[in-house]
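Coordinates in review
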Amino acid sequence: MSKNIIVTGTSRGIGLQIAKDLLESGYCVSACSRNLSRELKQLEKNYKNFNFYSFDLSNRDSIKKMVSEIFSDKKEELFGLVNCAGVAHGGLFSMTPIEDIENIFKINYFNQLYLTQLVIKKLIRNKCGSIVNIASTAGIFGDEGTIAYGGSKSALIHSTKVLSSELGKFNIRVNSISPAVVETDMSSLMDQKSIERLNSRKSLDGVILPKDVSFFVEFLLSDKSLTLSGQNFKIDQGISA
């Protein structure tokens, strides 16, 4: 029986790549995003083990409804959760309204925890599973302009460690991945000077692709990582602090 993995933020970028690669590897994927994009429609056409669920990460009622639908629909055992959905934000602290920071934390942190709370009820019952949180190097480095986005990702990294401690007794692994700038539509909106500053600090040439992140997600969901939990893995081409 295929393992069912919930993946959020699948309409494009990293989340879409994760969904594609997991489907190709034989997983059953519950793809979750606001809309059924053209790319997701193609996956729905090509893979019987693909199921789409619409949800709004900023709305907890929508999150609860989505999880309820997944639990009701799936015959495959729920095994994993990949928290990939989120919103980007940049701005100096002195110029950022506190309401904007609160909203970023709501979507990138608090509501991700809420989703995880709902999902782990099933994983605890199954006494196995793997959770992968997509964080960011913005949550590690103290670069200017990252007070909201970086702060929310830093909180997610800390939560990864806490959940690992609490869920290990149920044979549930929890890890996070912190990419630097990944070549996606979202990264194209970043301030060019910020990207240049990051690139000047990396030791390896080239770019980071969604495939690089997806490869590591699949590793953390697989039996090859049975001894790994509570870890945050950087994919950053050797950026120095």
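Just above sits the structure.
Bear in mind the structure is a predicted one, so any value in this text is a computation, not a measurement.

Before going further, it helps to examine the sheet that holds strand E2 (residues 28–33). If you walk across this open sheet you meet the seven strands as E3-E2-E1-E4-E5-E6-E7, and the pairing is parallel. The strands lining the two open edges of the sheet, one partner per strand, are strand E3 (50–54) and strand E7 (232–235). Each adjacent strand pair in this sheet contributes to an overall mean axis angle of 20 degrees, direction not counted. Here strand E4 (residues 78–83) runs beside strand E5 (residues 129–134); their pairing, made up of four bridges, is parallel. Looking at the pairing, Val-82 lines up with Val-132 of E5. The strands touched by helix H5 (residues 149–167) within the sheet are E5, strand E6 (172–179) and E7, with E6 carrying the most contacts at an inclination of about 160 degrees.

In this model helix H4 (residues 98–126) runs 41 Å from its N-terminal to its C-terminal C-alpha over 29 residues, within 8% of the 42 Å that 1.5 Å per residue would give. Along H4, the largest kink reaches about 45 degrees and is centred on Lys-106. In the stretch just after H4, Lys-127 is the one whose phi turns positive, near 55 degrees.

Under the defined criterion, the tally for this structure stands at five aromatic pairs. Look at Phe-105 and Tyr-109: their rings are 6.4 Å apart centre to centre, the planes differ by 80 degrees, and that puts the pair in the edge-to-face class. On the criterion of helical spacing, the pair formed by Phe-105 and Tyr-109 is a turn pair, its members being four residues apart in helix H4. You'll find Phe-105 and Tyr-109 in the same group, each marked buried. Ring centres of Phe-105 and Phe-110 lie 6.5 Å apart, and the angle between their planes is 45 degrees; this geometry places the pair in the tilted category. Classification of Phe-110 by relative accessible area gives partly exposed; the value is 42%. Three or more aromatic residues link up through ring pairs in this structure, and these residues are Phe-105, Tyr-109 and Phe-110. One residue, Arg-60, lies across the ring of Tyr-114, its end atom 5.8 Å from the ring centre. Here the guanidinium or amino end of Arg-201 rests over the ring plane of Phe-141, the centre of that ring lying 5.2 Å away.

Contact geometry for helix H1 (residues 13–24) and helix H7 (residues 210–221): axes closest at 9 Å, N-to-C directions at 50 degrees. If you check the angle between H1 and H7, you find them oblique. In this structure, H1 meets H7 at a crossing whose hand is right-handed. Side by side, H1 and H7 meet where Gly-13, Ile-14, Gln-17, Ile-18, Asp-21 and Leu-22 of the first sit next to Pro-210, Lys-211, Val-213, Ser-214, Val-217, Glu-218 and Leu-221 of the second.

Next up on the list: the packing of helix H3 (residues 60–73) against H4. In the contact formed by H3 and H4, the axes pass within 10 Å of each other and the chain directions differ by 25 degrees. Our classification of the angle between H3 and H4 gives roughly parallel. By crossing handedness, the relation of H3 to H4 is classed as right-handed. Two secondary-structure elements touch here, H3 through Arg-60, Ile-63, Lys-64, Met-66, Val-67 and Phe-71 and H4 through Phe-110, Asn-111, Tyr-114, Leu-115, Leu-118, Val-119 and Lys-122. In terms of residue class, the contact of H3 with H4 is built from nine nonpolar, one polar and three charged.

Looking at where Glu-183 falls in the secondary structure, it is placed in the loop between E6 and helix H6 (192–199). Sequence-wise, Glu-183 and Arg-38 are 145 residues apart; in three dimensions their C-alpha atoms are separated by 20 Å. Look past the residues within four positions of Glu-183 in its chain and what remains in contact with it is Val-207, Ile-208, Leu-209 and Pro-210.

Of all hydrophobic cores here, the largest spans 33 residues; its most connected members are Val-82 and Val-217. If one sorts the elements of this core by residue count, H1 sits on top with six residues. When sequence neighbours within four positions are dropped, the list of residues in contact with Val-217 reads Ile-18, Val-82, Val-132, Ile-134 and Ile-177. By size, the runner-up hydrophobic cluster in this structure holds 24 residues, among which are Ile-63, Leu-78, Tyr-114 and Leu-167.

All told, the structure shown has seven salt bridges when counted by the stated rule. The closest approach of N and O atoms between Lys-65 and Glu-69, which form a salt bridge, is 2.6 Å. Of the two residues, Lys-65 and Glu-69 both sit in helix H3, four residues apart, roughly one turn of that helix. Since its relative accessible area comes to 52%, Lys-65 is described here as exposed. A relative accessible area of 27% means that Glu-69 is categorised as partly exposed.

The rules behind these values
- Residues numbered from 1 in each chain as written.
- Predicted model: local features only at pLDDT ≥ 70, side-chain atom pairs only at ≥ 80, totals over all residues.
- Heavy atoms only, no water.
- Pairing = 2+ DSSP bridges.
- Helix = DSSP H or I, 4+ residues; strand = E, 2+ residues; numbered from the N terminus.
- Axes fitted to C-alpha atoms, helices over the stretch in contact; angles between N-to-C directions.
- Contact = heavy atoms within 4.5 Å.
- Expected span 1.5 Å × (residues − 1).
- Bend = angle between axes of the 7 residues up to and from the residue.
- Phe/Tyr/Trp six-rings, centres within 6.5 Å; stacked < 30°, edge-to-face > 60°.
- Buried < 20%, exposed > 50% of the residue type's maximum accessible area, 1.4 Å probe, protein only.
- Lys NZ or Arg CZ within 6 Å of the ring centre and 35° of its normal.
- Parallel < 35°, antiparallel > 145°, perpendicular 65-115°, else oblique.
- Left-handed = near helix turned anticlockwise from the far one by under 90°.
- Nonpolar A, V, L, I, M, F, W, Y, C, P; charged D, E, K, R; others polar.
- Core = buried A, V, L, I, M, F, W, Y, C linked by side-chain atoms within 4.5 Å.
- Salt bridge = Lys/Arg side-chain N within 4 Å of Asp/Glu carboxyl O.

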